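What the coordinates show
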Amino acid sequence: MAHFITRWFVMTVAVAVTVLLLPGMEVVGNPPVLGIAAFALFMALINASIKPVVHMIALPFSVLSFGIVSLIINWLFMRLASWLAISLFDVGVNVRGFWWSVLASIIISIVSGIVSAIVGD
């Protein structure tokens, strides 16, 4: 359980940095920290549970499309996390479009790698 809480913290920091950098991501609800934490919670849950299975199933299509399917899957998971956070908690992060989610995925990956190295995860 401690490992998941650490991953959630890392994801929360990465999403907060991404929201600050990208105008295509906006926080819904007050206070903004709760929206970021709720979105990060669902992203961490999705990344830990169904994302590896979906990526494994979609691997042949991703190879044939040179990774486009993987980008679409990441976009769908960001939309799912946003929808879950906003519909269940009335706070969250709204991603405006596909290309914003691609940029957000890149920034989240970089920042979460740096924060994980600092935290020691």
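Please refer to the structure higher up on the page.
Residues numbered from 1 in each chain as written. Predicted model: local features only at pLDDT ≥ 70, side-chain atom pairs only at ≥ 80, totals over all residues. Heavy atoms only, no water.

Bringing the overall build of the protein chain into the picture now. What the protein chain contains, in helices and strands, is six helices and two strands. Taken from N to C terminus, the helices and strands of the protein chain fall in the order α-β-α-α-α-α-β-α. Computed over the C-alpha atoms, the radius of gyration of the protein chain is 14 Å, within 12% of the 14 Å expected from 2.2 N^0.38 for a compact globule of 121 residues. In terms of principal-axis extent, the alpha carbons of the protein chain reach across some 45 × 30 × 25 Å. The buried share among the 121 residues of the protein chain stands at 38%. Sequence-distant contacts in the protein chain: of pairs separated by 6 or more residues, those separated by 24 or more amount to 75%. (Helix = DSSP H or I, 4+ residues; strand = E, 2+ residues; numbered from the N terminus. Rg over C-alpha atoms; globule rule 2.2 N^0.38 Å. Buried < 20%, exposed > 50% of the residue type's maximum accessible area, 1.4 Å probe, protein only. Contact = heavy atoms within 4.5 Å.)

This part takes up the packing of aromatic side chains. Applying the stated criterion across every chain, the model contains three aromatic pairs. A ring pair is formed by Trp-75 and Phe-98, whose centres lie 6.0 Å apart and whose planes are at 75°; its orientation type is edge-to-face. With Trp-75 in helix α5 (residues 68-89) and Phe-98 in helix α6 (residues 98-119), the pair connects residues that are 23 residues apart, well separated along the chain. A relative accessible area of 23% places Phe-98 in the partly exposed class. On the basis of an interplanar angle of 75° and a centroid distance of 4.9 Å, the ring pair of Phe-98 and Trp-99 is categorised as edge-to-face. (Phe/Tyr/Trp six-rings, centres within 6.5 Å; stacked < 30°, edge-to-face > 60°.)

Looking now at the nonpolar core. If you look at the biggest cluster of nonpolar residues, it comprises 29 residues, and the most contacted ones within it are Val-15, Met-25, Phe-39 and Val-93. Among the elements of the structure, α1 (2-21), α2 (32-48), α5, β2 (92-95) and α6 are those that each provide at least two residues to this core. Per-element accounting of this core gives the leading share, seven residues, to α2. Here Phe-39 is in contact with Val-15, Met-25, Met-78, Ala-81, Ser-82, Ala-85 and Val-93, once residues within four sequence places are set aside. (Core = buried A, V, L, I, M, F, W, Y, C linked by side-chain atoms within 4.5 Å.)

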